[in-house]
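Take a look at the letters that make up each chain.
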Amino acid sequence: MKPRMIVTASLLATVAAVLLLVAIQTLHMRTLGGENIQPVSATQHPVQLTEDNLVDVLSTMKLSTPIARVEWKQSILTLDLKVTGTSTSYTEIYRNMAAVADLGFRSLDNVEQVMLRVMAEDEWLHKRHLLLAADFRRGEWPMYAIETLRDWNSPILSDELKDWFHMMETELWKKQFEMSSQG
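Reading guide: rules and limits
Residues numbered from 1 in each chain as written. Predicted model: local features only at pLDDT ≥ 70, side-chain atom pairs only at ≥ 80, totals over all residues. Heavy atoms only, no water. Pairing = 2+ DSSP bridges. Helix = DSSP H or I, 4+ residues; strand = E, 2+ residues; numbered from the N terminus. 1 Å grid on protein atoms, 1.4 Å probe; cavity = no way out; pocket = protein on both sides within 12 Å on 5 of 7 lines; lining within 4 Å. Points joined across faces, edges and corners; volume = space filled by probe spheres on them. Nonpolar A, V, L, I, M, F, W, Y, C, P; charged D, E, K, R; others polar. Core = buried A, V, L, I, M, F, W, Y, C linked by side-chain atoms within 4.5 Å. Buried < 20%, exposed > 50% of the residue type's maximum accessible area, 1.4 Å probe, protein only. Contact = heavy atoms within 4.5 Å. Expected span 1.5 Å × (residues − 1).

1. Notes on the sheet that holds strand 4 (residues 127-137)
Within a sheet, adjacent strands bond to each other through the backbone by hydrogen bonds, running parallel or antiparallel.
Item 1. Taken together, five strands build an open sheet; the order of strands is 1-2-3-4-5 and the sheet is mixed. On the outer flanks of this sheet lie strand 1 (67-73) and strand 5 (168-169), each paired with one strand and no other.
Item 2. Of the pairings in the sheet, the one linking strand 4 to strand 5 comprises two bridges and is antiparallel in character. Among the inter-strand pairings, leucine 132 is bridged to a residue of strand 5, identified as glutamate 169.

So, in structure tokens, the structure goes:
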């Protein structure tokens, strides 16, 4: 074999090996959960939530309901989401709750608990009413639970979701959907 052919063959083998490794890594990432999985070579530093970066970190969430109140104290993040009117669906609220849990436990490494309330605000009377409450605690639920909540398609929460996230539905929340299912 000529030296020129040997060099060409080894170059082609090297390029093929690199492409094969990239394809294997891409396939591996897709089967383990998609874009949330980072390759071992990725240099991702865990984000620490502080009073200084609280607004910046929370502004990365894409929520359809605004944050009415927030507090960060000793590894506990407390949030109130504000619902006004009747145009916000329960699926939107569940997606927002899942987004908060996702941020708190997948993106931040110093959050041990997220206490979340969904509040309805009566614009006429300027009163707030509790609809839902959740107490997400690190390590007390499987990671797929966030996707389960995000994709939940019923106003009635499963017992699993209630247990995992220490969720509580008020009578006002339940009444809202009893009336809409009758009409």
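2. With respect to the layout of surface pockets
Item 1. The calculated volume of the second largest pocket comes to roughly 310 Å³.
Item 2. Lining of the second largest pocket is provided by 16 residues; of these, Gly85, Thr86, Ala120, Leu131 and Gln176 occupy positions nearest its centre.
Item 3. Going through the elements one at a time, strand 2 (76-84), strand 3 (113-122), strand 4 and helix 6 (171-182) are the ones with two or more residues in the lining of the second largest pocket.
Item 4. Of the residues forming the lining of the second largest pocket, the biggest block, four residues, is contributed by helix 6.
Item 5. Class assignment for the residues of the lining of the second largest pocket results in seven nonpolar, six polar and three charged.

3. So, the pairing of strand 1
Item 1. By the bridge criterion, six bridges tie strand 1 to strand 2 in an arrangement that is antiparallel. Among the inter-strand pairings, valine 70 is bridged to a residue of strand 2, identified as leucine 79.
Item 2. Here strand 1 folds back onto strand 2, and the loop between the two strands holds two residues, one of which, glutamine 74, carries a positive phi near 50°.

4. Side note on the nonpolar core
Item 1. Core analysis: the biggest nonpolar cluster contains 39 residues, and Leu77, Met97, Phe136, Leu149 and Phe165 have the highest contact counts within it.
Item 2. Breaking this core down by element, the ones donating at least two residues are helix 2 (54-58), strand 2, helix 3 (90-107), strand 3, strand 4, helix 4 (144-150) and helix 5 (159-165).
Item 3. Residue contributions to this core peak at nine residues, all from helix 3.
Item 4. Discounting residues that sit within four places of it in the chain, phenylalanine 165 has contacts with Ala134, Asp135, Phe136, Trp141, Ala145, Ile146 and Leu149.

5. Regarding helix 3
Working note: α-helix, 3.6 residues per turn, so residues spaced by three or four point in the same direction.
Item 1. Between its first and last C-alpha, helix 3 extends 25 Å over 18 residues, near the 26 Å set by a 1.5 Å rise per residue.
Item 2. Burial analysis of helix 3 places 13 of its 18 residues in the buried class, the great majority of the element.

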